[in-house]
Amino acid sequence: MTETAVYGIGDATFQAAGGETGVKALVEEFYLQMSTLDSAKTIRAMHGDDLTVTKDKLFRFLCGWMGGAKLYQEKYGTIAIPLAHNHLDIGTEEVDAWLECMQKALQKQNYPEDLQQYLLKRLAIPAGLCQTRHS
Ligand code: HEM
C-alpha cells in the first residue's frame, strides 16, 4: 500500500520539503528562474541586482510558513505578506509570473508530485493577496 503524505500538519510540509537545506535550494532555484524566464522580466526588475537579502528573507519566511521554525521573525520581525507588497505594482500577470517561477523551481526539487501540487496551490493564496493592481 502506498502511503499518502498529510501536509500542513505540524512541520510535515517543512520536513517533506527537505528542511532548511531543501527550502534553501528551492529559493535559489526560484530566483534563478526569475532571472531567466522572459515572462518574469517585469518582476525580476522590481528587485535589486543583489538578491542576497531577498533570498534570505524568502527562505526564512517559507521555513515558518511550512511549519518549521519562525526564522523570518527571529531576524527581521513580524511580517504581513500583502502589506510587504503594497508599494509594488502587481497585477494578474505579475502574480502569474511569480507562480510560474515557483512551479518551475518546485519541478527541479525532486519533490513528490503531490507535494509540488500542494505547495503551488497553497502559495497561490498569498500570491493572490499580493495583487495591488486590479484593472
Ligand atoms: C505575487 C507576486 C509577487 C511579487 C511580484 C513579489 C515581489 C517582491 C519584491 C519585488 C520584493 C522586494 C524584494 C527586494 O526588495 O529585493 C518582495 C519581497 C518579499 N516577498 Fe514577494 N512577491 C510576490 C509574492 C510573494 C509571496 C506569495 C510571498 C510568500 C509566500 C512573498 C514573500 C516575500 C518576502 C518574505 C519578502 C521580503 C519582505 C520584506 O522583508 O520586506 N512574495 N517580493
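Residue numbers run consecutively from 1 along every chain, following the written order of its sequence. For a predicted model such as this one, the threshold for reporting local features is a pLDDT of at least 70, and the threshold for listing and counting side-chain atom pairs is 80 or more; totals across whole chains, interfaces and linings nevertheless cover every residue. Each side-chain value is worked out from all heavy atoms of the structure, with water and hydrogens disregarded.

Going along the chain from the N terminus, every DSSP run of H or I of four or more residues is numbered as a helix, and every run of E of two or more is numbered as a strand. Across its full length, the protein chain carries eight helices and zero strands. N-terminal to C-terminal, the α/β element order of the protein chain is α-α-α-α-α-α-α-α. For the protein chain, the spread of C-alpha atoms along the three principal axes comes to 50 × 30 × 25 Å. The buried label goes to any residue with under 20% of its type's maximum accessible area, the exposed label to any with over 50%, and the partly exposed label to all in between, with areas taken from a 1.4 Å probe on protein chains only. Looking at the 135 residues of the protein chain, the share that counts as buried comes to 39%. Surface accessibility in these figures is a Shrake-Rupley result with a 1.4 Å probe; residues are shielded only by whichever protein chains are displayed. Per element, the accessible surface of the protein chain, about 8,100 Å² overall, is 53% carbon and sulfur.

This part is about the site of the ligand. Proximity criterion: a residue is near a molecule or strand once any of its heavy atoms comes within 4 Å of it. Taken together, 19 residues sit near the ligand, with Thr54, Lys57, Tyr72, His85 and Trp98 positioned nearest. Any N or O atom pair separated by 3.5 Å or less is treated as a polar contact, with the protein-specific requirement of one donor-capable and one acceptor-capable atom, and with residues adjacent in sequence counted only for side-chain atom pairs. Between Thr54 and the ligand, the recorded distance is 2.6 Å, taken from a side-chain N or O atom to an oxygen atom. At a separation of 3.0 Å, an oxygen atom of the ligand approaches a polar side-chain atom of Lys57. Broken down by element, the shell around the ligand gets its largest block of residues, four residues, from helix H4 (residues 52-65). Taken together, the residues of the shell around the ligand break down into 15 nonpolar, three polar and one charged. Each residue gets one of three labels, nonpolar for Ala, Val, Leu, Ile, Met, Phe, Trp, Tyr, Cys and Pro, charged for Asp, Glu, Lys and Arg, and polar for the others, Gly among them.

Stacked, tilted and edge-to-face are the three classes assigned to paired rings of Phe, Tyr and Trp, where Trp is represented by its six-membered ring and a pair needs centres within 6.5 Å; plane angles under 30 degrees give stacked, over 60 edge-to-face, the rest tilted. Using the criterion set out here, one finds four aromatic pairs in the structure. Taken together, a centroid distance of 4.9 Å and an interplanar angle of 80° make the contact between Phe30 and Tyr31 edge-to-face. Residue Phe30 shares its accessibility class with Tyr31, and that shared class is buried. Relative to Tyr76, the ring of Tyr72 lies with its centre 5.1 Å away and its plane at 40°, an arrangement referred to as tilted. Here the residue Tyr72 and the residue Tyr76 both occupy positions in helix H5 (residues 71-76), the gap between them amounting to four residues, near one helical turn. The buried category is assigned to Tyr72, whose relative accessible area is 12%. Assessed through its relative accessible area of 28%, Tyr76 is described here as partly exposed. Taken together through their ring pairs, the aromatic side chains of Phe30, Tyr31 and Trp98 make up a single cluster.

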